[in-house]
Amino acid sequence: MSYNEELEPKIDQDFVAVRYNVELEGPAITPENDPDVQAILPKDEPYRSIARAVLRGDTEESTIKVKEGLNSGIPPMDIINNGLMKGMDAVNELYTKGFYFLPDLMLSGDSMMEGLKESEEALGHKSETKGTVVSFVAEGDPHDIGKNLVVMFLRANGYNAIDLGRDVPNEDVVNAVREYKPLFMTGTALMTTTMTAFPKVVEELEKNGLEVPAIGCGGGAVRKDFIESFPMSVYGVKAYHTPKLADSILKDKKTWKEIRKKYSKIVGEFVPEYD
Amino acid sequence: MKRFTKMVYKKPEEMVFGRSKFPVSQRWNMQFGAGYVVPEVKVAPVEGSEGSKEKMVAECRNIAQSACERAIAVGLPSFMLEQEHVSHQTNNPEWAAETTRVQAEILEKYYEEYGIRVSLRQTPADIRIEERGLGLRGSDYDNNIEETMEACAANGASDLCIETMGGKALSDYGIARGDIRAILFGIGVLGSIDMEYMWKRIVNICKKYDCRPGGDTDCSQANTAMFMAGGLLDKDVSHTVAALARGMGAARSLVAVECGAVGPLKDCGYENPIVKSISGVPIAMEGKNAVCAHSDLMGNLVCGVTDVWSNESVYHRQEMGGTTPEVWLQATGYEAALMNTALQTGQEEVLRDLYTLTDKYRDPQALILAYDNAHRIGKAIVKYGKDPYLRSRAAALEAGKIINEAVDANKLYLTRFERDSLDNTLKILEDLPADRDQFIDECIRAYSRKVPDFNPKNYEL
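Residues numbered from 1 in each chain as written. Chains lettered and ligands numbered in written order. Predicted model: local features only at pLDDT ≥ 70, side-chain atom pairs only at ≥ 80, totals over all residues. Heavy atoms only, no water.

Draft legend 1. Highlighting the overall build of chain B. Each helix and strand counted, chain B has 16 helices and 11 strands in total. A compact globule built from 461 residues would reach a C-alpha radius of gyration of about 23 Å, and chain B, at 21 Å, matches this within 12%. Expressed as lengths along the three principal axes of its C-alpha atoms, the size of chain B is roughly 60 × 55 × 40 Å. Taken across its 461 residues, chain B has 67% of its residues classed as buried. (Helix = DSSP H or I, 4+ residues; strand = E, 2+ residues; numbered from the N terminus. Rg over C-alpha atoms; globule rule 2.2 N^0.38 Å. Buried < 20%, exposed > 50% of the residue type's maximum accessible area, 1.4 Å probe, protein only.)

Structure representation (structure tokens):
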């Protein structure tokens, strides 16, 4: 007799392992029927169709609708602001509420980016964004999925995220600050010995008389106590916190010192590392 | 190269911790899979130690000495010390030579003085950057890995491991989007191709020295899915998709053994029970005593059939109970002592089953790694053993089938996200072409533009 037949039937899982995710799950929703989404989605065409395509993460449909709109003479900036970004606002709303998951966000982000590309081609230049953020992976570190998520979250929230890639030499990071004068910067690392690139970047910035309102540093082995041992830096806990931190600098002129003190309030949730 | 087309373990119940079909012997009187479980400790060099060779050597010496002292202090009969390299070590083979040498000297001293069985595992970092030219093949980074492997083997490493990163750009893209085709291409096809390239060279290096080719892990891919899937309430990656990625990871990590790796397979390869069921080589695992490094949903279950019990990794610093090499070796040491007591008293099957049942229905990722289910996935893999694409796909399909059976039997309950993503991914997997070349052509067309870091030439495609 196997353990499945002999032992398993004796177990009451309530005393061993509880699937709280199943226990607590609420009723299913249709994204477009959510009242907050309804309030965000535009009423007029073609903006509504574009926003709905982004909401569904349907890149093919969003590209077709954007092209149709552009061909009918609608200004590209209207397509971006009234269609694509509204769709992304609705996606962010559902993600925040826990109805949407990362894959939904990523696919919607892809749809938005394709539509944006079409619109910017028609525009002849880059569209206006909320601000520029530079993202990099520490020198010597090839692990970049965290940085990729950060970039996606920033773009989905209307920021121009400059992606410097992985294993980025400190000098290139400093040059990027000089070139883009970013509102915010993010650095990620997986290892204890590569996170040491962050204070070196800060030191070089200071030597060159450069400053960034804040540099959000996070990733695998990165610790808050280490990040707070040098200036200009903020320990970032979750990738999805990034646009909220950027918003706090843009809208409330927060400095790195203030973000360190108000991190939980800024991101709007309990954060064990800060609370 | 041989491919596994038959199971070494004919029945799942033959599998148990501490025993493997093909035990491995090393210097310092160490055996793996020979009737006892070996605790492992691994500690990440402290920040700042990468500043110079002298600092790194001192750091590695300190880690080894601390571990040895605690092993003796609490009476451990054996242990493995693993040093996972930071990039500075692998980029500078002369650093790796020296750090390995000092650690080997310390272990040997303790072996000679106390008779404690010891093993020194060296794991150079996969520092290759795919998008920089032909980054995976023949780049300076790639050459440094090879030189570092040789430096470790020549200076006292008992065995060599690596966590290869081939196919990661594709699997990362797929994991973040729930795109099972990209995950399969990244893990099953590209990962397998890259492992073959890397492991043939590692095995050849080991042949020149008294050093064993240990094994690989799908850390960079299936573990990425697992870590992003996170806890029960996280909303990033579906736990059912992560379970399917783990199945594929087994078909991929098996390639190291097919190239000549003998084990113990690398600790963070959660797919290792599946690989053990197919190949019979000893494995290292991590779970509840690796909470210092990360969380998982199968902390006990993964003890079930392991031969080495690891803490994964921890900062090198002081805890209330001592420094981390001391504290975490003690933790893995006591767990191994429990398993060894069970082996000595003939209670190993009972303990294995209790370990398994504590987590089996905690999460779909745990369910598929219960030793009986791991064996089922192994059988699905060897059925298509000669084709890494088809066997990876078969592993994922079998994992899905196992989950669905548990759901139908009211033993496991899924959330809508897990349910929907499982249904979608299984349908996509079933509809994929039966021909490897056709699948590869389709994927190259579909992903070359979407994943700019991916260069088919890195895989000779």
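Draft legend 2. Representation of a positive patch on the surface. On the surface, Lys257(A), Lys261(A), Lys262(A) and Lys265(A) cluster together to form a positively charged patch. Among the secondary structure elements, Lys262(A) is positioned in helix 13 (residues 256-267). (Patch = residues over 30% accessible without salt bridge, like charges linked within 9 Å, V, L, I, M, F, W, Y side chains within 5 Å. Areas by Shrake-Rupley, 256 points an atom, 1.4 Å probe, with all protein chains shown as cover. Salt bridge = Lys/Arg side-chain N within 4 Å of Asp/Glu carboxyl O. Lys, Arg positive; Asp, Glu negative; His and termini not counted. Charge placed at Lys NZ, Arg CZ, Asp CG, Glu CD.)

Draft legend 3. Region of the structure containing empty space enclosed by the protein. Residue and element names in this part refer to chain B. In total, this model carries 2 cavities of 30 Å³ or more according to the counting rule given. Taken as a whole, the largest cavity encloses approximately 50 Å³ of empty space. Lining of the largest cavity is provided by Pro-273, Leu-301, Val-302, Gly-304, Val-305, Thr-356, Leu-369, Ala-370 and Tyr-371. Grouping the amino acids of the lining of the largest cavity by side-chain chemistry returns 7 nonpolar, 2 polar and no charged. Its volume calculated, the second largest cavity comes out at about 30 Å³. The wall of the second largest cavity is formed by Ala-222, Met-226, Ala-242, Arg-246, Met-298 and Gln-365. Counting residues per element, the ones that place at least two in the lining of the second largest cavity are helix 7 (219-229) and helix 8 (239-259). (1 Å grid on protein atoms, 1.4 Å probe; cavity = no way out; pocket = protein on both sides within 12 Å on 5 of 7 lines; lining within 4 Å. Points joined across faces, edges and corners; volume = space filled by probe spheres on them. Nonpolar A, V, L, I, M, F, W, Y, C, P; charged D, E, K, R; others polar.)

Draft legend 4. The packing of helix 8 of chain B against helix 14 (residues 388-408) of chain B, seen in detail. Residues and elements named next belong to chain B. Axis separation between helix 8 and helix 14 bottoms out at 8 Å; the angle between their running directions is 140 degrees. In terms of axis orientation, helix 8 runs oblique to helix 14. As helix 8 packs across helix 14, the resulting crossing turns out to be right-handed. The residues of helix 14 that touch helix 8, namely those facing Thr-240, Ala-243, Leu-244, Gly-247, Met-248, Ala-251, Leu-254, Val-255 and Glu-258, are Arg-391, Ser-392, Ala-395, Ala-396, Ala-399, Gly-400 and Ile-403. Partitioning the contact of helix 8 with helix 14 into residue classes produces 10 nonpolar, 4 polar and 2 charged. (Axes fitted to C-alpha atoms, helices over the stretch in contact; angles between N-to-C directions. Parallel < 35°, antiparallel > 145°, perpendicular 65-115°, else oblique. Left-handed = near helix turned anticlockwise from the far one by under 90°. Contact = heavy atoms within 4.5 Å.)

Draft legend 5. Looking closely at the interface of chain B and chain A. The interface of chain B with chain A comprises 53 residues on the first partner and 47 residues on the second. Across the interface of chain B and chain A, roughly 4,200 Å² is buried in total on both sides, 55% from carbon and sulfur atoms. Between chain B and chain A we count 10 salt bridges in total. Here Arg132(B) and Asp167(A) are joined by a salt bridge, their closest N and O atoms 2.9 Å apart. For the side of chain B that touches chain A, the per-class residue count stands at 22 nonpolar, 9 polar and 22 charged. (Buried area = accessible area lost by both parts, 1.4 Å probe.)

Draft legend 6. The sheet that holds strand 4 (residues 215-218) of chain A, seen in detail. Residues and elements named next belong to chain A. Pairing within the open sheet is parallel, and its 5 strands lie in the order 2-1-3-4-5. Where the open sheet ends on each side, the last strands, each with one partner, are strand 2 (160-163) and strand 5 (233-235). Across the sheet, the mean angle from the axis of one strand to that of its neighbour is 25 degrees, orientation sign disregarded. Where strand 3 (residues 184-188) lies against strand 4, 4 bridges are found, and the strand directions are parallel. In the strand pairing of strand 4, Thr-186 is matched with Gly-216. Sitting on the sheet, helix 9 (residues 170-180) is in contact with strand 1 (132-137), strand 2 and strand 3, with an inclination near 170 degrees to strand 1. Those strands touched by helix 10 (residues 197-207) are strand 1, strand 3 and strand 4, and its axis lies near 165 degrees from that of strand 4. (Pairing = 2+ DSSP bridges.)

Draft legend 7. Spatial organisation of the side chain of Ser233(A). Residues and elements named next belong to chain A. Note on placement: Ser-233 falls in strand 5. Here the side chain of Ser-233 touches Phe-230 through a polar contact of 3.0 Å, landing on its backbone oxygen. Residues within four places of Ser-233 in sequence aside, it is in contact with Ile-215, Cys-217, Ile-227, Trp-256 and Arg-260. (Polar contact = N/O pair within 3.5 Å; in protein donor to acceptor, adjacent residues only side chain to side chain.)

Draft legend 8. Here's a closer look at the pairing of strand 3 (residues 38-42) of chain B. All names here are of chain B. For strand 3, a buried count of 5 out of 5 residues is recorded, marking the element as mostly surrounded by other parts of the structure. Residues Val-38, Glu-40 and Lys-42 line one face of strand 3 and the alternating positions Pro-39 and Val-41 line the opposite face, and both faces are buried. One ladder, built from 2 bridges, connects strand 3 with strand 9 (residues 308-310); its direction is parallel. Bridging from a neighbouring strand, Val-38 pairs with Val-308 of strand 9. Two strands pair when backbone bridges link them, and strand 3 and strand 4 (residues 78-84) are joined in this way by 3 bridges, in the parallel orientation. Bridge pairing in strand 4 links Lys-42 to Glu-82. Following the backbone out of strand 3, through helix 1 (residues 53-73) and into the adjacent parallel strand 4, one traces a crossover that is right-handed. (Right-handed = clockwise from strand over helix to strand, strands pointing away.)

Draft legend 9. Representation of the pairing of strand 3 of chain A. Residue and element names in this part refer to chain A. Buried residues dominate strand 3, accounting for 5 of its 5 residues. Across 5 bridges, the pairing between strand 1 and strand 3 is parallel. From the neighbouring strand, Val-137 faces strand 3, where its bridge partner is Thr-188. Crossover connection from strand 3 via helix 10 to parallel strand 4: handedness right-handed.

Draft legend 10. The pattern of salt bridges, seen in detail. For the structure shown, the criterion picks out 63 salt bridges over all chains. We note a salt bridge from Glu47(B) to Arg223(A), for which the minimum N-O separation is 2.6 Å. Here Glu47(B) is found in the loop between strand 3 and helix 1, whereas its partner Arg223(A) is found in the loop between strand 4 and helix 11 (224-227) on a different chain. Judged by its relative accessible area of 19%, Glu47(B) is buried. Bridged by salt links that share partners, the residues Lys42(B), Glu82(B), Glu84(B), Glu163(B), Lys266(B), Asp267(B) and Glu312(B) form one connected network.

Draft legend 11. The arrangement of the sheet that holds strand 6 (residues 159-160) of chain B in detail. Residues and elements named next belong to chain B. With respect to topology, 7 strands assemble into an open sheet ordered 7-6-5-4-3-9-8, the strand pairing being parallel. Whereas interior strands pair on both sides, the edge strands pair on one side only; in this sheet they are strand 7 (212-213) and strand 8 (284-286). Sitting on the sheet, helix 1 is in contact with strand 3 and strand 4, with an inclination near 165 degrees to strand 4. Against the sheet, helix 10 (residues 324-345) makes contact with strand 3, strand 4 and strand 9, and its axis sits at roughly 160 degrees relative to strand 3, the strand it touches most.

Draft legend 12. Seen up close, the environment of Pro39(B). Among the structural elements, Pro39(B) can be located in strand 3. The contacts of Pro39(B), once residues within four sequence positions are left out, are Leu76(B), Ser78(B), Phe79(B), Met80(B), Trp309(B), Leu329(B), Thr332(B), Gly333(B) and Ala336(B).

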